[in-house]
Every structure is written in structure tokens, then in C-alpha cells.
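One-letter residues, chain by chain:
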Amino acid sequence: MSESIKQELSRSFWSNVSHRFFKNRRGVIGLLFVMAMILVSIFSSLIASDQPIVCKYEGKLYFPAVVEIFQLRNTNKHWINKSKPFRYPSFEAREDLDPSAFAIWPLIPYSEYDQTNHFSQPPSKIHWLGTDGLGRDIAARMIHGTSVAVQVGFISMGIASIIGIFLGGLAGYYGGWIDIIISRVIEVVICFPVFFLILSILVWLDPSIINVMIVLGLTRWTSIARYTRGEFLRLKGQDFVMAAQAMGLSNMRIMFKHILPNALAPVMVSITFGIAAAILIESALSWLGFGVQAPSPSWGNLLRTGYDSLRDAPYMVYPPCVAIFMAVMAYNLVGDALRDAIDPRLN
Amino acid sequence: MKNVYKILLVITLATVLFVNGCTKSESDKGVDGNIDTPVVYNPDNDPLVNPDSIFKKRPKGAISEETIFINLKSSPNTLCPLFSSTHYDSIVLDQIFESAFTIDKKMTWIYSENAIVSFNESEDHTAYIVKLRKGVTWHDGTPVTAHDMVFSYDVVLDERVPIVSFRDEVKNFTTCVAIDDYTVKYTSSGKIATTKVSLQSIPIIPKHLYEKEREAFPDLKTGTYYNTLARHPVGNGPYKIVEWIENDKIVLERYENFVGEKPYFKRVVYKIIQDLTVALLTFEKGELDVFEAIKPKQFAKETNSESFKNVGYKACGKEWTYDYIGWNQDGSNPFFNDKRVRYAMTHALNIDLVFDQVYYNLGTRCYGTYHPDSWMFNNNIKLLEHDLEKSKKLLDEALWLIDENDGWRYKMIDGHKVKFDFEIMIPQGSATAPQIAAIFQKTLKKLGVELKTRTFEWATFIEKMLKHEYMAQISAWGTGSDPDGGWNIWRTEQYKEGRNTGGYANARVDELFFQGRHEFSKLKRAEIYKEIQKILYDDQPYLWLRNRVNLSVVNKRISGISFSPRGIMTFYPSQRNWWIDTISH
Amino acid sequence: MINYIIRRLFIAMFTLVGITVVTFCITRLAPGDPAMAMTAGVQDPKASAAAYEQLRERWGLDKPIYMQYFSWVKGMAVLDFGESMSSDSRPVIDKIRPRLWPTMSLALLAIGLSLSLSIPIGIWSAAKQNSYFDTITSTVLYALYSVPSYVMAVPLILLLGVKWDILPFQGMMSDNYDTLSTMDQLIDIVKHYAMITFCFSYGAWAYYARFVRQNMLEVVRQDYIRTARAKGVQEFNIILKHAFRNTLIPIVTLLGLILPEIIGGSVILEVMFNWPGIGRLFFDSMMQRDYTTIMAISTSTAVLVLVGTLISDLSYVLVDPRVSYE
């Protein structure tokens, strides 16, 4: 008796969602791609680096590429340092290590800043995606550019979603003066000269892509807010809300535990397209020269370099193009599947 | 579901094949697994560069009904000679206005026979008498007279008119009067050698048109009337303006009442195309005849296709412009006020690699401020070469020592350990600077010096330069026709007032510039400026990178091109001598 | 309702003031100013400090910022946008006016094309959910959306413009436009619009189609639709009259917000196709710190955005009787 009762207990809302999500094959493929991107960006130095993953030097074992995982890529101030010979800027592992000694190299034995003598080479056995005008391996640059692609969407849309859903929900639910004020704030932020802010940020602060994404997040929440507001407006007149109010539940609880899950569906479209759009925005900024600054690679600035070399080295344009394409598709597939999973009425 | 991926695959493959089909790779080496030695571009080995046909001189009086299409990378700002400030303004203005005094292709000061009959300079250099040619008219038919020249002089010195760059030069002339309708007399103090040259900076504008609303708008800029005049100028040159379509094109037509030598082409169309990749495509379609200031990379790598060879030739001429890395030695950073460090930097840069891979050998080694072709060039200067051992020694001597712990160089300053870690400022849009910085970064790393790059867009870059808020920067200077132009860059007091942004200070150089400005003998002036060049090279306030070359692509049908230190267009008569050689075609 | 509109208009004035103050201050945040941008032609060492000061004075840049703002407002009150703070010093109106239509026409075409394509596709996909049509169209549209517009432009220009030479890729009309017959002139203009309009708009198709599909799917499962079906109303009528009306809200929301994105987003395409539009003017003005032009374009955009949000808010009421503003 008790067992059959146990089996009839319904799952929670979110476990239902994930159950439905994983049944959607396209969504799963998209999610796998996103996870792969995240893994590549974390362990990029194990895939492409100019120093080995593990090697024997003068009798002792060293793990330089592993240490690189914990270091920032284009600076030389670190909180954790490699061991002695490997940390010297004049040390070149490929030449200075004894070739007969034991060493396991990453798949691509070049870092993204490594300039070889192989200038502007098309793809070959040594450089799988070819090299650029300064002899840098393109595959290495693509690998290390992945972290930008990963951070770009999540940071900006993360910030935008939090602000947008919160403010939009407040405006839609309470109406009245709160709605008026928040809507006006939305209008002011829509008209912000975002590009100018980005320009200024790039000058006054550290020109990292993270700062740019924070600025984008702080200015892109408006459309999410307006959708949320629209949905809350529509839903607040419904019976379940009135019931919850009659039951004496606090407004916050009603808004975020009851209304929000129902309002999420159209907002999710906006959010996932937003993440995908963030990658496209980064490439547009890099195209104009305002994204990730040289010599650090990002898919966006690799795309621009590829375009500038289109006539004489067309192989340079395909990797970033394909990568951007697949990342954007992947985010869209995930968003689609997620949204289909959230809305219980779609089955 | 599987069908979806099949479809995707097909679409991707199709796109890849299509794009591949239209962008045949222009690199000329094999790819199967082994790396061949890279083929380095050198314009001397390129048969398309500087073929004889493009230089063939125009026969006297040759004229036609043809139209020529020329590319402008950016729209001119104004076509009023008073306010012109950019290269693109000058290109078009040179056709519409006939300057009385100008420079020829050797950068020599000359007067134009289409405007002037004679020129007389007094012995003591205090009086200059100019006799105008009779019969010259403005495009509306009014004759050009001495009163126009006097008016122009008055206007340039009028403080109410916001003139940007040449007012100081014109102030060298104390008065300007019309002796009769066709004679003008200028007077000056007689002490400054560059006075005569300043004559070319006074534009001639039509008095009868510009004085009309001077009461209401003394700045000659505000108001509909003057705005229209700046967009549809009335000039005295061989071409008059037909139309100026915003950001699209400017069309000029030959002025048939022009008294002097008429140019060959009946119409000139300047097309304004900002994106250089697209401009080259337009050229290959045959819709552009002359495309000046093409990127070095395009010149070397993107002009070897069949479609290019069918239509065009390449022109590469020396230019009196140099690229450099400038050090800030005013003491705000601990590195570059030490001459040994600056020498170490120059020895550290692998300049041959830069020439091969960044400049594509388009350009020549730079010996400092003056160009080897100029009269003030000092040919006793020995170039500093790439030598890592020398760099190491110099850095050690300057007490920047390699630290045992992390391999970077440090120096003890006031009890603190300071790392040799500097930042170089790059202007946005530079085709070559980021790559030079990357190459430099690699070598400096081997020396234990850390180099970081930072790109700024133009307005910010300039502000930082003027406020001395930088450690090192990459940019370029053009040498004017007279070396006195360097006064503004090198004299000590110009740190506050002028372009001496790096805080260079040398009393002897200050003295020499002063002498050069007041010395009238060309021979003696040459000695003065040669000494300046030597001192400057010895002090290495800049790391001189290269002397530029002017790169253009020219349609096969065009002839009459000649080079000047300023390119193929902004000297006299340049564009007017271009023609189509129908005889040998 | 009328009260609501009047109240909104009144408040909009304040909002507009707020927007202009914010924009005014932010533009001056970036280093440099128009006078510096003009006088510091790096290759010409002759431009003097005196010229710099004179320009600053001419444009009032030496006055404190609140005074500059007030002079600007005084000008705006009589719709005088001032003179451009750049080398050509033309009245800002003259610079903006010829470039409005090129960008606006692109925007209108893009919106029109997007709506007219995505609404039928979206409706059909929702009606036949998970059919081949649904899967194929959504995949193709997603694929299109995932390619940045300027990346799409390149193979188009190379193929259609250069290799096969079917379409022009420069400017709005050919050089020989004046010599063509009226019919040919029309064709010429259409040809010039073709590539850039496609690049400009295809990204939105996926977005809108997905949107419509999603909303339709949701709406179609509502009870009142089931009721209508039970009552025997034809499927076609159900979709068009009942379901579709309810998806209008989000679409209408969308339209009101597009404007700033269009102006910002059109720069790259306008440069590549040499299109004389406002996006490029805006970008160049920012680079030159041409404050007056920047303020003129930003303020006009702001006005349009405010009008847009007002209209979309009002449409909520019209479209959904449950929403009211009392």
C-alpha cells in the first residue's frame, strides 16, 4: 500500500523540466556542445600549449601545462607559479628540453602567442588549421579563444536576466507608480549610447572582454524587462493569482514562485537568443576593433583577421566562422528545448 | 531527426564549396604535410610593379572626352581652401583651384604658370612681387585679379576666421597690397628663410563671392551661403564641380575656358569607398582607374589573381613619411630616459623580420628624420642593426638585471625593485602596428623584458600623446617640403606647446633649428639640418622603423603617373597629367 | 484612456529630458573632444595650439558643462540642432537629412519582410508542429540566424557581385543613373537594395518566426480555442481570428524596441556596401567626438523610442481586453 502511494508522488516542477528536456534530442546535442565548449575553455592549456603536460627535466617530473590551467593567459603576474626553468620567459620548451627525455605534449604543441617561422601556411600536418601572418598556429588560437565565447554569453545575459526579470516583474505586478517609474528607467536605458560606454570603459578601465560584457549586461536587460512586465500584466488578473492573494501569501512569493514560472516561457526565448546574440555582438565589436584586443585571440577578432586575409589566405576565415555558427546554433537549440520543457501545456 | 543533420551538412558543404570557388587562394606553395620555405614578397621581383607604360608622359595638348574614376578612402570635409585640413580635401581642391605657388614632384617650391607670369624676390628678402597672368577667370566668368589675392591674405590673418593650420606661416608676411589689378606685393621681415615657402600656404579665394555676407558671418563659415560655397566651390582651376553626392562620389568637369594647359580627361569622378577590400574588388571589376593608398598586404598578396592581372598595374613610389616607435623620456617612466635602454630596444627589434612579414619589403630602412632623396639628408649615418647580444649588454650596463627567481629584468630604484614591464600604445586601424608589437614582444621576452600592447581609437590616442600619458607609441610623421617643419617636434619648449610629446631635450638641436630658420643660403642650411639628423639618430628618441612607399594600383589604360615624396596626387601637376595612351593600346 | 495618454505624454517629456542629460554627460566621458580630434592631425606638426583654443571657444567647450547643456536645450527649443563639431561645420540637419531615408528604408523593408515571411511560417509551423516543414524551416532559419550579417555579405558580394556580376554592391544607384529610363531607374534601385536588405534582415526572420510559432503553440492550447473548435468554428478562422490576435502582444512589444539596435547595428553593413546611412554617420561622429551630431541623432532616436513604447503599451489594451490602465 505505502509503495504505490510513494510512486504516485509527483515530481517537483524543475525535475519535470529536466526530465522533459533530456528527452529532446536536439536540446541534448546543443547542451553537449555547450558543455564541450566550457570544458575546452577550462582545460585549453592541456589541448594547446608551448610547454608539455608532464615531462622529466634533470631527473624530476614537472607539470607546466597543468599549472597553466590556473593562470590567466596574457599577463605575467600569477598567484601560482610554474617551477623554475619553465617560468623563465626565455625558456623555450620545444628547443631547450632534451628530446629523448620523457614528455607528454598537448595535442597542439603551440600556444596562441607562439610565433613560428611558418608564416601564412595553409592547413597541414604540423599546423592543423594553418598559421597566420606571424606564424601563429590558428588551431591554438581558436582553442584559447573559446573561453571568450563561453564567458561572453553567460556574463552579459546573466546580469541582464537578473535585473530584467526582477524589475519587469515588479513593474507588471504592482502597476501604478512603480510601473511608471520602472518603465521610464527602461526607456532611458534603451536610449543609452551603449557604444560610447564601451569606448569609455576600454579607455578608463582594463580593456578586458569581461568589462565589456558587464556593460552589455547592464544595458541589455530592457527587452527582458518589457517581456516580463507584459507577461506579469497578463497573468496578474488570473484566478490562481487571486487565490494566492486570498490565501495571504506575500507578494514576493506570489511573484517569484507562482507567476514567474508561468511567465518564463516567452522570456526564455529572449534570454537564449540573448546569449547567442552576445557571441554575435562580440564578433561585431571585434570587427570594428573594440572587442578583445590583439594579440589575445577571440573568435570575433580571428574572424576579422580572416576577412582581411580573405583574398590571400581564405583558410583563416573558416574556423572562426564555423565555430561561431555552431556555438550560436547550440545555444539556440538548448534554449528551444528548455523552453519546450518548461511549458507544460505544450505536450 | 537524422534528416535535419543531413540537410545541415549539405548546406554547410555547399557554402564552403561556393566560397572556396570564389576565393582562390593566392598563396603560392604546396601543402601536403611539409612546410616549404615561405616565399617572401619583394616588389623588386614583381613584374606588375612600375611598368614603363604607366609613366609615359602626356603629349602636349593631348585632350579627350574620357572620364577617369579615382578612389577616395574618405569623404572630403570641405571644399573651401581656407578650411581644408585633410589629404582628401587637397586631392579634390587641387583640381578646382589653381594655387599661385605650390610644389612640384621634387618638392621644390614653384609658381604655377597658369596663374603667375613672373615672381620677383628682393635681395634682402623683404619684398616679393608677383605678376598675375591676365585672362584667368573664376568658374563663373569673373576675372582673377590681384584684389582676390590681397583679400585672401586678409582673410587668412583675420582672427575671426577659424583657420586650423597655416595661419602662423602666413604671419611671416607683414603686408600684402595690390599695386595694380594684376600685381601684388608682399613684404616680410626678411629674416626668416622659410618665408618664400609660406607663400604656397595662402589659398586664393574669389573676393566677389566671399565678401558678400562677411558682415553677417565674419567667420566665412556659418550660414547657408557660405556652407553652399564650401560644398559647391567656385574656383580658378581646370575643373569645375558638377555635383557632390554625400558619401558617394564627387563629379568634376573640365572648365573649357581655362586659360592654362587643359587636362586630358573631360570628367573626373571621385568615388568614396571606405572599405579597402571592397574598393579593390571594385577596381578589379574595372570601375576604378586609380586607387591610391592601398594597404601593403593588399599590394603584396591580393593583387596576383587573374582578375587583377587583366585590369591593373601596381605603382610603388618613395614617400617622405616614416613609421617609428616613440619613447616617452620625460621621466614619467623609469625606462626610456636612459640612452642605453633606447639603444638596447633598437638592437632588440628584428627589423628584417618586420620588413619581410609585416611590410612585405614595401619601404626602405630609415636613417632618421630626413629621406635619402632630400637635400638635407646626412649620408654618414650608420644604421643600428638587430643584435641581441648588444641589447643584453646594454641592459645589464643600465642595471636592468635578470632576476634569478622569475627570469625577468629588474632594477633597484630608490630601494624598490622595479620590473622592466612597459606598455606600447597603438592607434586603432593601423594595419602594421599590432604585428610589429607582437614581433617585438616575442624578442623582448627572450631578453626578459615584458611588453604589453594597448590599442586606442584615434581621438583618445591623440589626447594621450598630447598629455604625455604613455610609455611608448607607434605612429608616423610626414616630412614637409621644408625641414623647418621639425621645429614643432624636436625643440625642448615644444613639450608644452607642440608635438614634442616624448620630452626630448637637446640644447644643441634647439640652437640648430633656430639657425636653420634664419639662414638663407641653401648650402649652409643643408649642413645645419644634416647635423640635426645625426644628433637625433645618435640620441634615438625614436626607434625609426621604415621609410614608407606610396602604394597605388592603376588601371592598365592610364599613363602619365609620376611619383613625388607625397604620393602620386598632391603635388603639381600630378593628376592633371594623367592620360590614356590610345596610340600603343 | 485619454487621461492615460495625456499623462504618458507629460511624463514622456521628463523622460526625454533625463535621456538627453544622460547622453550629454556620457558622450563627454570619453577622452578627447572634437577640437582635439580636428587639430591633432598627427602627420602635420603645424596645427597650432591657438587653433585648438579657437575651436574650443567656437563650440563652447570651454564653458562649464551645465551651461553647455542649457545652450543646447535653447537651440533644441527652436529645433536648431546646431552645427557639426567637425571639419565641415555644416548644420547638423543638413548632415542628417540625406541619410535618414537610406537607413529608414532598410529598416522598414527589413521589418516588413521579416513579418510577412515569419508570420505565415510561424503559424504554419505551429499548426503542423514537428512535421518536416516545421523541422526544416526552423533548422534553416536557425542556421541563417547563426551567421553574422557581415559574414554573409562576403560570399554574396564575391559571388553575386564579382563572379557572376548580377547585382551591384556599391551605393544606392549606378553611376549612369541619370541616363536611364524611369523603368530602368526603378530596376537599378531595386538591384542596389537587394543584397544589403537581405543581409540586414535575414537574422530577424528566424527570431520572429520562432517567436510567432512559440506564441501560437501556447495560445492554441488554451481553453477558449478548444471551445471554439467544439463550437464548430473552422480551423482557419480559429487560427487567424482567435489565436493570432493573442500573439500580437509580444510582436508589438518587439517593434517598439528595434530602433536603437538598427541604428547601431547597421554600421558594418553600411561601410561594406557603401550605403549612405545614418548608422555610419553616428559611428563616425562618435569617433570624431562630434557632440552636436551625436546629440541630434540620439535625441531623435529617443523621441521615436518613446513614441514606440507608448504605442506598444496602448496596443496591449487594444489587443487584450483583460489589460487595462485605470
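**Student:** Is there a simple way to explain the overall build of chain C in this structure?
**Tutor:** From N to C terminus, chain C includes 14 helices and zero strands. Overall, chain C shows an N-to-C arrangement of helices and strands of α-α-α-α-α-α-α-α-α-α-α-α-α-α. Of all intrachain contacts in chain C linking residues separated by at least 6 positions in sequence, the fraction that spans at least 24 positions is 69%.

**Student:** So what exactly am I meant to see when it comes to the overall build of chain B here?
**Tutor:** Helices and strands together make up the secondary structure of chain B, namely 19 helices and 21 strands. Here the C-alpha coordinates of chain B stretch approximately 80 × 75 × 45 Å along the principal axes. Burial analysis of chain B (585 residues in total) assigns 47% to the buried set. Taking the intrachain contacts of chain B between residues at least 6 apart in sequence as the baseline, contacts between residues at least 24 apart amount to 70%.

**Student:** What should I look at first to understand the interface of chain B and chain A in this one?
**Tutor:** Interface size is commonly expressed as the accessible surface area that is lost when the partners come together. Each side of the interface is counted separately: chain B has 34 residues, and chain A has 29 residues. Contributing elements (two or more residues each) for the side of chain B that touches chain A: α14 (433-447) and β17 (450-456) of chain B. Broken down by element, the side of chain B that touches chain A gets its largest block of residues, seven residues, from α14(B). Residue composition of the side of chain B that touches chain A, grouped by class: nine nonpolar, 15 polar and 10 charged.

**Student:** Would you explain the sheet that holds strand β14 (residues 409-413) of chain B in this entry?
**Tutor:** Two strands in a sheet stick together by hydrogen bonds in their backbones, pointing the same way (parallel) or opposite ways (antiparallel). Residue and element names in this part refer to chain B. Across the sheet, which stays open at both edges, the three strands sit in the order β13-β14-β15 with antiparallel pairing between neighbours. Whereas interior strands pair on both sides, the edge strands pair on one side only; in this sheet they are β13 (401-402) and β15 (416-419). Sheet analysis places β13 next to β14, joined by two bridges and oriented antiparallel. Looking at the pairing, Leu401 lines up with Tyr410 of β14.

**Student:** What exactly am I supposed to notice about the sheet that holds strand β3 (residues 103-104) of chain A here?
**Tutor:** Spatial strand order, β2-β1-β3 (chain A): three strands in an open sheet with antiparallel pairing. Here the strands that pair on one side only, and so sit at the sheet edges, are β2 (60-62) and β3 of chain A.

**Student:** Looking at this structure, how should I read the nonpolar core?
**Tutor:** A general feature of soluble globular proteins is that nonpolar side chains tend to end up buried together. Residues A:Ile279, A:Val328 and C:Leu269 are the most contacted members of the largest nonpolar core, which totals 299 residues. By residue number, the principal contributor to this core is helix α14 (residues 251-288) of chain A, which donates 18 residues. In contact with A:Val328, not counting residues within four places along its chain, are A:Ala276, A:Ile279, A:Leu280 and C:Ser146. In this structure, A:Tyr57, A:Tyr62, A:Phe86 and A:Ala93 belong to the second largest nonpolar core, which totals six residues.

**Student:** Can you walk me through the packing of helix α8 (residues 138-174) of chain A against helix α9 (residues 176-190) of chain A in this structure?
**Tutor:** Each pair of packed helices can be summarised by the angle the axes make with each other and by the distance between the axes. Residues and elements named next belong to chain A. Viewed as axis vectors pointing N to C, α8 and α9 meet at an angle of 145°, and their least axial separation amounts to 7 Å. The two elements α8 and α9 cross, and the hand of that crossing is left-handed. Contacts between α8 and α9 involve Leu167, Leu170, Ala171 and Tyr174 from the first element and Gly176, Ile178, Asp179, Ile182 and Ser183 from the second. Looking at side-chain class alone, the contact of α8 with α9 contains six nonpolar, two polar and one charged residues.

**Student:** Is there a simple way to think about the interface of chain C and chain B in this case?
**Tutor:** Contacts between chain C and chain B engage 47 residues on the former and 50 residues on the latter. The element that contributes the greatest number of residues to the side of chain C that touches chain B is helix α7 (residues 149-163) of chain C, accounting for six residues. When grouped by side-chain class, the residues that make up the side of chain C that touches chain B number 23 nonpolar, 15 polar and nine charged.

**Student:** I tried to follow helix α19 (residues 522-539) of chain B on my own but got confused; where do I start?
**Tutor:** An α-helix turns once every 3.6 residues. As a result, residues three or four positions apart point the same way. Residues and elements named next belong to chain B. In a regular helix each residue adds 1.5 Å, so 18 residues correspond to 26 Å; α19 covers 26 Å between its end C-alpha atoms and thus fits that length. What α19 keeps buried is the set Arg525, Tyr529, Lys530, Ile532, Gln533, Leu536 and Tyr537. The buried residues of α19 all sit within an arc of 160° when viewed along its axis, so they share a single face. Exposed side chains of α19 directed beyond 90 degrees from the buried face belong to Leu523 and Lys524.

**Student:** How do you make sense of the pairing of strand β16 (residues 421-427) of chain B when you look at a structure like this?
**Tutor:** For a regular strand, side-chain orientation follows a simple rule: the groups alternate between the two sheet faces. Residue and element names in this part refer to chain B. In terms of strand pairing, β16 meets β17 through seven bridges, oriented parallel. Pairing of Ile426 across the sheet is with Thr455, part of β17. Looking at chain direction, β16 and strand β18 (residues 472-478) are connected through two bridges and run parallel. Considered in β18, the bridge of Ile424 is made with Ala472.

**Student:** I would appreciate a short explanation of the confidence of the model for chain C in the present structure.
**Tutor:** Atomic detail in the predicted coordinates should be set aside for any region of low pLDDT. Residue and element names in this part refer to chain C. Residues with a pLDDT of 70 or more make up 86% of chain C, whose mean pLDDT is 79. In the model of chain C, helix α10 (residues 235-255) stands out as the element of lowest mean pLDDT, 65, in contrast to helix α4 (residues 65-77), which has the highest, 88. Interface predicted TM-score (ipTM) for the complex: 0.82; the corresponding pTM is 0.84.

**Student:** I keep staring at the pairing of strand β4 (residues 116-121) of chain B and nothing clicks. Help me out?
**Tutor:** Residues and elements named next belong to chain B. As paired strands, β4 and strand β5 (residues 127-132) are joined by five bridges and run antiparallel to one another. Residue Phe119 lies in a different strand from β5, and its bridge partner there is Val130. Linkage of β4 to β5, two consecutive antiparallel strands, is achieved through a turn of five residues, within which His125 is found at a positive phi near 60°.

**Student:** Just checking my understanding: could you explain the environment of B:Asn555 for this structure?
**Tutor:** Residues and elements named next belong to chain B. Examined against the element boundaries, Asn555 turns out to sit in strand β19 (residues 542-555). On the neighbour-count criterion, Asn555 (19 C-beta atoms within 10 Å) is partly exposed. Each C-alpha atom, one on Asn555 and one on Pro162, is 40 Å from the other, the two residues being 393 residues apart in sequence. Not counting residues up to four positions away in its chain, the partners in contact with Asn555 are Asp289, Val311 and Gly312.

**Student:** Would you explain the environment of C:Val220 in this entry?
**Tutor:** Residue and element names in this part refer to chain C. Looking at where Val220 falls in the secondary structure, it is placed in helix α8 (residues 182-220). Classification of Val220 by C-beta neighbours within 10 Å gives buried; the count is 22. Considering only alpha carbons, one finds Val220 and Asp165, 55 residues apart in sequence, at a separation of 47 Å.

**Student:** Just to check I follow, could you spell out helix α13 (residues 388-397) of chain B for this structure?
**Tutor:** Residues and elements named next belong to chain B. Those residues of α13 that sit buried are Ser391, Leu394 and Leu395. The buried residues of α13 all sit within an arc of 100° when viewed along its axis, so they share a single face. Relative to its buried face, α13 has exposed residues pointing more than 90 degrees away, namely Glu389 and Glu397. Against the buried residues of α13 lie α11 (339-348), β14 and α14. Directly beyond the C-terminal end of α13, a positive phi value near 70° is found at Leu399.

**Student:** What is the right way to look at the packing of α11(B) against α13(B) in this model?
**Tutor:** Residues and elements named next belong to chain B. Contact geometry of α11 with α13 gives a least axis separation of 8 Å together with a crossing angle of 160°. In terms of orientation, α11 and α13 fall into the roughly antiparallel class. Judged by the twist between their axes, the crossing of α11 over α13 is left-handed. Along the contact surface, α11 presents Arg340, Val341, Tyr343, Ala344, His347 and Ala348, while α13 presents Leu388, Lys390, Ser391, Leu394, Leu395 and Glu397. Tallied by class, the residues present in the contact of α11 with α13 amount to seven nonpolar, two polar and three charged.

What counts as what
- Residue indices follow the written sequence of each chain, beginning from 1 at its first position.
- Chains and ligands are labelled by the order in which they are written, letters from A for the one and numbers from 1 for the other.
- Per-residue local features of the predicted model are confined to residues with pLDDT of at least 70, and side-chain atom pairs are confined, for both listing and counting, to 80 or more; whole-chain, interface and lining totals are unaffected and use all residues.
- Counting from the N terminus, the helices are DSSP H or I runs at least four residues long and the strands are E runs at least two residues long.
- Residues are treated as contacting if the C-beta atoms built from their backbones sit within 7 Å of each other.
- Once C-beta atoms are placed from the backbone, each residue is buried if 20 or more other C-beta atoms lie within 10 Å of its own, exposed if 12 or fewer, and partly exposed for counts between those two.
- For this classification, the nonpolar set comprises Ala, Val, Leu, Ile, Met, Phe, Trp, Tyr, Cys and Pro, the charged set comprises Asp, Glu, Lys and Arg, and every other residue, Gly included, is treated as polar.
- Criterion used throughout: strands pair if DSSP finds at least two bridges between them.
- Under the definition applied here, buried Ala, Val, Leu, Ile, Met, Phe, Trp, Tyr and Cys residues are grouped into a nonpolar core through C-beta atoms within 7 Å.
- An axis is simply a line fitted to the C-alpha atoms; with a helix, the fit covers only the stretch in contact. Between two such axes, the angle follows the N-to-C directions and lies from 0 to 180 degrees.
- Crossing handedness is defined as follows: a turn of the near helix away from the far one that is anticlockwise and smaller than a right angle gives a left-handed crossing, while the clockwise case is right-handed.
- By this rule, a helix spans an expected 1.5 Å times one less than how many residues it contains.
- Each C-beta atom gives one direction from the helix axis, and the arc is the one those directions make.
- Confidence scores labelled pLDDT are given residue by residue by the predictor and lie between 0 and 100.
- Any angle from 65 to 115 degrees is called roughly perpendicular, while one under 35 is roughly parallel, one over 145 is roughly antiparallel, and all others are oblique.

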